[in-house]
Amino acid sequence: MQVAQQRAFASRARTVRCYAIKDGAALDRPLRVAVIGGGPSGACAAETLAQGGVEVALIERKMDNCKPCGGAIPLCMVEEFDLPQSIIDRKVTKMKMISPSNREVDVGKTLSETEYIGMCRREVFDDYLRNRAAEKGAKLVNGLMMRMEQKENEGPITIHYNSYEEGGKVGTPASMEVDLVIGADGANSRVAKEIDAGDYDYAIAFQERIRIPDDKMKYYENLAEMYVGDDVSPDFYGWVFPKYDHVAVGTGTVVNKTAIKQYQQATRCGGDACLCFWGGWCVFM
Ligand SMILES: Cc1cc2nc3c(=O)[nH]c(=O)nc-3n(C[C@H](O)[C@H](O)[C@H](O)COP(=O)(O)OP(=O)(O)OC[C@H]3O[C@@H](n4cnc5c(N)ncnc54)[C@H](O)[C@@H]3O)c2cc1C
């Protein structure tokens, strides 16, 4: 995030701090906010609020969550969110969009000589943003938000969550009181359910990380591929994106979620770069 923008966010956050919470009276303490979900939205919200003096708890159920997302980040995002080079696994300048009849368009052609598309792993990206929020003063909580309640629609909101702070898969029931809640818990949001946000469309995605022989990996050194067509997804796209020491192969859909595995199989076996034929073996697991 650019400095001017950060300042604008911070001053807005300070305004929030003085917000009258009860009976029109200003608070004599920092506003307490729980941000549910430590993905990019939640981490950035927590960072901005903490920077503005708000007391923030950032609750994330899985600190090493590898969200099945392409993880391609455009250059403008690197600048706007002040992202370090260390979170970028690879920089590609070729991005092919491939049609069902194997016609190709190199989307990367519009990049200038100094530009690239960053390829990152989401667990690395999200972890970096969460830690940056913590450095600004946000409290990171490893827990699964279960429900929230507010008595007669006023006063503090109680967040009930399963704390994983002490390890273990089941967690320990815990709660905290806050003045505001930010739902940044993704497509299947419990916060949205709690506030009766209603139905909305969402995509599901499937992604595999596949280690391929070095000579095949060389093919993807500077290349990301996107496949379109009903076989890989009726409404989304399939992708083969090079990451740290592997390719991430995935697809997504909104309209036919039950067929996601079938679309994934078509993505890994599509076009010239069939991951099932290389070396004479099929990498489907
Ligand atoms: C198929 C597909 C491919 C995509 N590819 C790209 C791409 O290449 N580049 C790009 O920029 N964007 C891509 N996107 C979009 C990107 O994934 C989203 O915009 C982004 O992840 C949204 O971030 P978020 O923080 O809002 O939610 P999320 O990233 O979904 O984060 C939500 C977080 O909340 C946590 N959580 C959920 N429920 C709870 C709970 N009850 N308690 C505590 N924690 C909880 C989850 O563990 C998760 O960490 C893609 C999306 C899809 C579907």
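Residues numbered from 1 in each chain as written. Predicted model: local features only at pLDDT ≥ 70, side-chain atom pairs only at ≥ 80, totals over all residues. Heavy atoms only, no water.

**Examining the overall build of the protein chain**
Threshold: Each helix is a run of DSSP H or I of at least 4 residues and each strand a run of E of at least 2, with the numbering of both proceeding from the N terminus. Each residue gets one of three labels from its accessible area relative to the maximum for its type: buried under 20%, exposed over 50%, partly exposed in between, using a 1.4 Å probe on protein chains only. Note on contacts: a residue pair is in contact if any heavy atoms of the two residues lie within 4.5 Å.
The helix and strand tally for the protein chain stands at 7 helices and 15 strands. Buried positions account for 42% of the 285 residues belonging to the protein chain. Look at the contacts in the protein chain between residues 6 or more apart in sequence, and 59% of them connect residues 24 or more apart.

**Points about the site of the ligand**
Inclusion rule: Residues are labelled near a given molecule or strand when at least one of their non-hydrogen atoms is within 4 Å of it. Any N or O atom pair separated by 3.5 Å or less is treated as a polar contact, with the protein-specific requirement of one donor-capable and one acceptor-capable atom, and with residues adjacent in sequence counted only for side-chain atom pairs. Per-residue and other accessible areas were derived by the Shrake-Rupley procedure at a 1.4 Å probe size, with only the shown protein chains allowed to occlude residues.
Close contacts around the ligand come from 27 residues, with Ser-41, Glu-60, Arg-61, Ala-72 and Arg-122 the closest. Contact distances for the ligand include 3.4 Å between an oxygen atom and a side-chain N or O atom of Asn-65. Residue Gly-71 places a main-chain N or O atom 3.2 Å away from an oxygen atom belonging to the ligand. When the ligand sits alone it has 1,000 Å² of accessible area, and the protein chains cover 79% of it.

**A few points about the pairing of strand 5 (residues 94-98)**
Let me state the cut-off plainly: By the convention used here, strands pair only if DSSP detects at least 2 bridges between them.
Note that strand 5 and strand 13 (residues 223-229) share 5 bridges and pair parallel. Bridge pairing in strand 13 places Met-97 opposite Met-226. Sheet analysis places strand 5 next to strand 6 (residues 104-106), joined by 3 bridges and oriented antiparallel. Across the sheet, residue Met-97 finds its bridge partner in strand 6, namely Val-105.

**Observations concerning helix 4 (residues 122-135)**
Basically, it comes down to this: The span you would expect from a helix comes to 1.5 Å times its residue count less one.
If you check helix 4, its first and last C-alpha atoms are 20 Å apart, about what 14 residues at 1.5 Å a residue would give, namely 20 Å. Arg-122, Glu-123, Phe-125, Asp-126, Leu-129, Arg-130, Arg-132 and Ala-133 are the residues of helix 4 that are buried. Lining the buried residues of helix 4 we find helix 2 (40-51), strand 2 (55-60), helix 3 (75-80), strand 8 (139-150) and strand 12 (204-210). Directly after helix 4, the chain includes Gly-137, whose backbone phi takes a positive value near 120°.

**Considering the environment of Gly-171**
Along the chain, Gly-171 turns up in the loop between strand 9 (157-163) and strand 10 (172-178). With 28 residues separating them in the primary sequence, Gly-171 and Gly-143 have C-alpha atoms 7.7 Å apart. Setting aside anything within four residues of it in sequence, one finds Gly-171 in contact with Ser-163 and Tyr-164.

**Things to note about unusual backbone geometry**
Here Asp-82, not a glycine, exhibits a phi torsion of approximately 50°, which is positive. On the secondary structure map, Asp-82 appears in the loop between helix 3 and strand 4 (90-92). Notably, Asp-196 is not glycine yet its phi reads approximately 55°, a positive angle. Assignment of secondary structure puts Asp-196 in the loop between helix 5 (190-194) and strand 12.

**Describing the side chain of Glu-123**
Mapped onto the secondary structure, Glu-123 falls in helix 4. We classify Glu-123 as buried; its relative accessible area is 17%. Polar contacts involving the side chain of Glu-123 include one to the side chain of Arg-209, which spans 2.9 Å. What Glu-123 contacts, discounting residues up to four positions off in sequence, is Asp-64, Asn-65, Cys-66 and Arg-209.

**Describing the packing of helix 2 against helix 4**
The condition is simple: To define axes, lines are fitted to C-alpha atoms, for helices over the stretch in contact only, and angles between the resulting N-to-C directions are given on a 0 to 180 degree scale. Angles are sorted into four bins: roughly parallel if under 35 degrees, roughly antiparallel if over 145, roughly perpendicular if 65 to 115, and oblique for all others. Less than a right angle of anticlockwise turn of the near helix away from the far helix marks a crossing as left-handed, whereas a clockwise turn marks it as right-handed. Amino acids outside the nonpolar list (Ala, Val, Leu, Ile, Met, Phe, Trp, Tyr, Cys, Pro) and the charged list (Asp, Glu, Lys, Arg) are all regarded as polar, and Gly is one of them.
The N-to-C vectors of helix 2 and helix 4 enclose an angle of 15°; their axes lie 8 Å apart at closest approach. Between helix 2 and helix 4, the interaxial angle falls into the category roughly parallel. Classified by chirality, the crossing of helix 4 by helix 2 is left-handed. Between helix 2 and helix 4, the contacting residues are Pro-40, Ala-43, Cys-44, Ala-46, Glu-47 and Ala-50 on the first element and Arg-122, Phe-125, Asp-126, Leu-129, Arg-130, Arg-132 and Ala-133 on the second. A per-class count over the contact of helix 2 with helix 4 returns 8 nonpolar, no polar and 5 charged.

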